[in-house]
Amino acid sequence: MTEAIREPAASTATAQSSLAAGVARIRALLEARAGGSSSRDACCGGASNAAIDERSPIGRIQAGFELSPFERDLLLLCAAVEFDPSIGPLCAAAQADSRMPHPTFRLALDVLPGPHWSALLPEAPLRRWKLIEVGAGGPLTTSPLRIDECVLHFLAGLQSRDERLRTLLDPVDLPNALPGSYRLYADRIVGLWRRARDVVVQLQGDAIHGKRALAAAACAALGMRLHRLRAADVPLAAPERDTLAHLWEREAVMTGSALLLDAEGAQPAHWEAICALVDRLQTPLLVSGSGPLELARDVVAIVVDKPRSEERRALWEAALRGHAGPLDGALDRVADQFVLEAAGIEVAGRRAVEAIHEGATDAFRAVWDACRAQAGRALEERAQRIDACARWEDLVVPAAAAETLRAIAAQVRHRGRVLNRWGFGAHGTRGLGVTALFTGPSGTGKTLAAEVLANELQLDLYRIDLSQVVSKYVGETEKNLRAVFDAAENGGAVLLFDEADALFGKRSEVKDSHDRYANVEVGYLLQRMEDFGGLAILTTNMRGSLDAAFLRRIRFVVAFPFPDPPLRRRIWERMFPPEMPTEGIDAEKLARLSVAGGNIRNIALGATFLAVDAGEPVRMSHLLTSALRECGKLEKPVSGAEIGGWA
């Protein structure tokens, strides 16, 4: 079998014209035989050597499967019975048996020019590639022959994929736009395959959709179509895998196609089967994924990462279809913050343009919101989205903490400019991610601060409960963390890892294998946080439980202390909205109660419901009842000094 045919296919009309000419030659041969002629060529003037259009389906099959002229005509004989109702009776007449209105190997050997017995062998192309099927129950030479249905449709110029492949293969469309670096990758693939058709190209890197796009572009440059097979659909059993390989190779030759084996995130158990299939196939082949390919054939790896900032900017200008002008420099901020692939930018750009056409007056906000929607979709199943509407004035923390939080916001906002356009990330962005650790007791404002930052940065906030991510099974925690970061890798979110002490601890002393793997898991989390394009925040109630070696890898550490009376007073003064009816609220007295900000909010909310139910404004008496209830829940004794004079 030769490689997939790369010349443009003939039109349906040309295909059917070529098929009609072939059927006419077969009919003439059968008529001559039925009429008693002993010469195969007398009636046709050398039919076996008739010119065949190499672009026609029968020409593609003959060249692709290396059929002899006799094998080609035998295939045409089987097709002729299906297309021309006069062929059946002619077959019966040529075989002198009215019970045999069908092709047989004996008929072909008697009638077709250039006969050779080797065409009947199971390993010969016609039977090996299942172009024809031999009926059961009789001698080989007199058993009915039937053309495979997919091959029959192909000869007529129609595409009909084998049912066994239909649910496994997805066509990969040619992208609308391709970053400049990807075009260079595509050109490299074209050059590789022109020099050595059996080279396997392994596409590594983090640009999942980009790999497919450049693979499709490379195949299109070679006149081939590209189809994708998911690694999870590769059979683990060798016989089923061989059947799949056989079917695909036949499909590839007939349609001029290449295969992209999508092994992104494939489980280790699948890699052996993946390698076995790759070694088995003889068609142009790409593998998407970074797993180990241990093959008997040559492998060339190409690392395809997401488009660079300047490439994303160019993709945005194309996707916005003339609406990029009003954004001016703001488009740089979009390209820096959201590390989307070309396909994601195309989708987000289309939504932004739709919003602008529907009356959105702020083009930047339309683009930004479209990016947020595109970025957050992958995280919905792995994290809890928090509606971040808190503002700086809602946050009451010490001045040092507030200053650090504003510094965090500034670094996230300008990270792209510093790293990309000012060259600070020229040697890699490893360790340049914005990471923060919020420490302090429950209710002191750690989550609220994360909400303020997300709202300030106009990014979505997702909370990941580390106590749910951590697994007792070796390697599972890292797998869970990888899934979270892979989903958030475009930088369009703030990640809040609650309960950091569930994973972090003083692990400097390795006592057993679990301690060793815990160190690996912590190291993996920190490494992904350092490389993350957005903002990653860890929270803990117990800073003392964290290893100092881990703390050194966190860029910002913000302490949220238990609020003292002046802070508590500020919290109380901001607690009730201006439109809420209140009467006689004394923040000075309320601040004497030693509780955290989260508890203060619970007390205020409980008092408000008591007042509404009584049809009264919120008073100190309502707050006293609610405070006693909250302190009872906390099992906190309340002194007279704390609540004296409340009511």
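Placed above this text is the structure.
This write-up is about the structure you can find in this document. (Residues numbered from 1 in each chain as written. Predicted model: local features only at pLDDT ≥ 70, side-chain atom pairs only at ≥ 80, totals over all residues. Heavy atoms only, no water.)

## Notes on the sheet that holds strand 6 (residues 257-262)
Line of reasoning, step 1. Reading across from one edge, 3-5-6-7-4-8 is the order of the six strands in this open sheet, with mixed pairing throughout. In the strand order of this sheet, the two ends are held by strand 3 (169-171) and strand 8 (299-303), each with one partner. On average, each strand axis in the sheet is inclined to that of its neighbour by 25 degrees, with strand direction left out of account.
Line of reasoning, step 2. One ladder, built from three bridges, connects strand 3 with strand 5 (residues 225-230); its direction is antiparallel. Bridging across to strand 5, Asp170 finds its partner in Arg228.
Line of reasoning, step 3. Across the sheet, helix 10 (residues 208-221) touches strand 4 (200-204), strand 5, strand 6 and strand 7 (285-288), and the angle it forms with strand 5 is around 145 degrees. (Pairing = 2+ DSSP bridges. Helix = DSSP H or I, 4+ residues; strand = E, 2+ residues; numbered from the N terminus. Axes fitted to C-alpha atoms, helices over the stretch in contact; angles between N-to-C directions. Contact = heavy atoms within 4.5 Å.)

## Digging into the pattern of salt bridges
Line of reasoning, step 1. Applying the stated criterion to the full structure yields 40 salt bridges.
Line of reasoning, step 2. Two residues, Glu311 and Arg308, come together in a salt bridge whose shortest N-O distance is 3.5 Å. (Salt bridge = Lys/Arg side-chain N within 4 Å of Asp/Glu carboxyl O.)

## Quick look at the sheet that holds strand 14 (residues 556-559)
The strands making up a sheet are joined through hydrogen bonds of the backbone, oriented either antiparallel or parallel.
Line of reasoning, step 1. Reading across from one edge, 9-11-12-13-10-14 is the order of the six strands in this open sheet, with mixed pairing throughout. The two strands at the open ends of the sheet, each matched to only one other strand, are strand 9 (384-386) and strand 14. Strand-to-strand twist of the sheet, defined as the mean angle between neighbouring strand axes without regard to direction, takes the value 25 degrees.
Line of reasoning, step 2. Where helix 18 (residues 446-457) meets the sheet, it contacts strand 9, strand 10 (434-439), strand 11 (460-465), strand 12 (493-498) and strand 13 (535-540), and its direction lies at approximately 170 degrees from that of strand 13.

## Things to note about the side chain of Thr255
Line of reasoning, step 1. Summarising the element assignment, Thr255 is placed in helix 11 (residues 238-255).
Line of reasoning, step 2. Residue class for Thr255 comes out buried when judged on its relative accessible area of 8%.
Line of reasoning, step 3. Only 2.7 Å separates the side chain of Thr255 from the side chain of Ser257, close enough to count as a polar contact.
Line of reasoning, step 4. Excluding residues within four positions of it along the chain, Thr255 makes contact with Arg60, Phe154, Gln159 and Arg225. (Buried < 20%, exposed > 50% of the residue type's maximum accessible area, 1.4 Å probe, protein only. Polar contact = N/O pair within 3.5 Å; in protein donor to acceptor, adjacent residues only side chain to side chain.)

## Quick look at the nonpolar core
Nonpolar side chains in soluble globular proteins tend to end up buried together.
Line of reasoning, step 1. Among the nonpolar cores identified, the biggest contains 53 residues, and Trp316, Leu405, Ile408 and Phe438 are the most heavily contacted of them.
Line of reasoning, step 2. At seven residues, the largest contribution of residues to this core is made by helix 16 (residues 363-376).
Line of reasoning, step 3. Ignoring sequence-local partners within four residues, the contact set of Ile408 consists of Val434, Ala436, Phe438, Leu453, Leu535, Phe556 and Val558.
Line of reasoning, step 4. Formed by 42 residues, the second largest nonpolar core is a distinct cluster that contains Val23, Leu74, Val151 and Leu155. (Core = buried A, V, L, I, M, F, W, Y, C linked by side-chain atoms within 4.5 Å.)

## Here's the deal with unusual backbone geometry
Line of reasoning, step 1. In this model, Glu66 sits at a positive phi of 55 degrees, which is unusual for a non-glycine residue.
Line of reasoning, step 2. Position of Glu66 relative to the elements: it lies in the loop between helix 2 (57-64) and helix 3 (69-83).
Line of reasoning, step 3. Classification of Glu66 by relative accessible area gives partly exposed; the value is 48%.
Line of reasoning, step 4. Within the chain, Ala96 stands out as a residue other than glycine whose phi angle is a positive 55 degrees.
Line of reasoning, step 5. Owing to a relative accessible area of 74%, Ala96 belongs among the exposed residues under this scheme.

## Quick look at the packing of aromatic side chains
Line of reasoning, step 1. In total, this model carries seven aromatic pairs according to the counting rule given.
Line of reasoning, step 2. Both rings, one in Tyr182 and one in Tyr185, keep their centres 6.0 Å apart while their planes meet at 35 degrees; by these two values the pair is tilted. Highlighted residues: Tyr182 and Tyr185, both in helix 9 (residues 180-195), separated by three residues, approximately one helical turn.
Line of reasoning, step 3. When the centroid spacing of 5.4 Å and the interplanar angle of 35 degrees are considered together, the rings of Phe364 and Trp368 count as tilted. Placement of both Phe364 and Trp368 in helix 16 is noted, with a separation of four residues, approximately one turn of the helix. Of the two residues, Phe364 and Trp368, both sit in the buried class.
Line of reasoning, step 4. Chaining the aromatic ring pairs together yields one cluster made of Phe338, Phe364 and Trp368.
Line of reasoning, step 5. Its end group placed over the ring of Trp368, Arg333 keeps NZ or CZ at 4.4 Å from the ring centre. (Phe/Tyr/Trp six-rings, centres within 6.5 Å; stacked < 30°, edge-to-face > 60°. Lys NZ or Arg CZ within 6 Å of the ring centre and 35° of its normal.)

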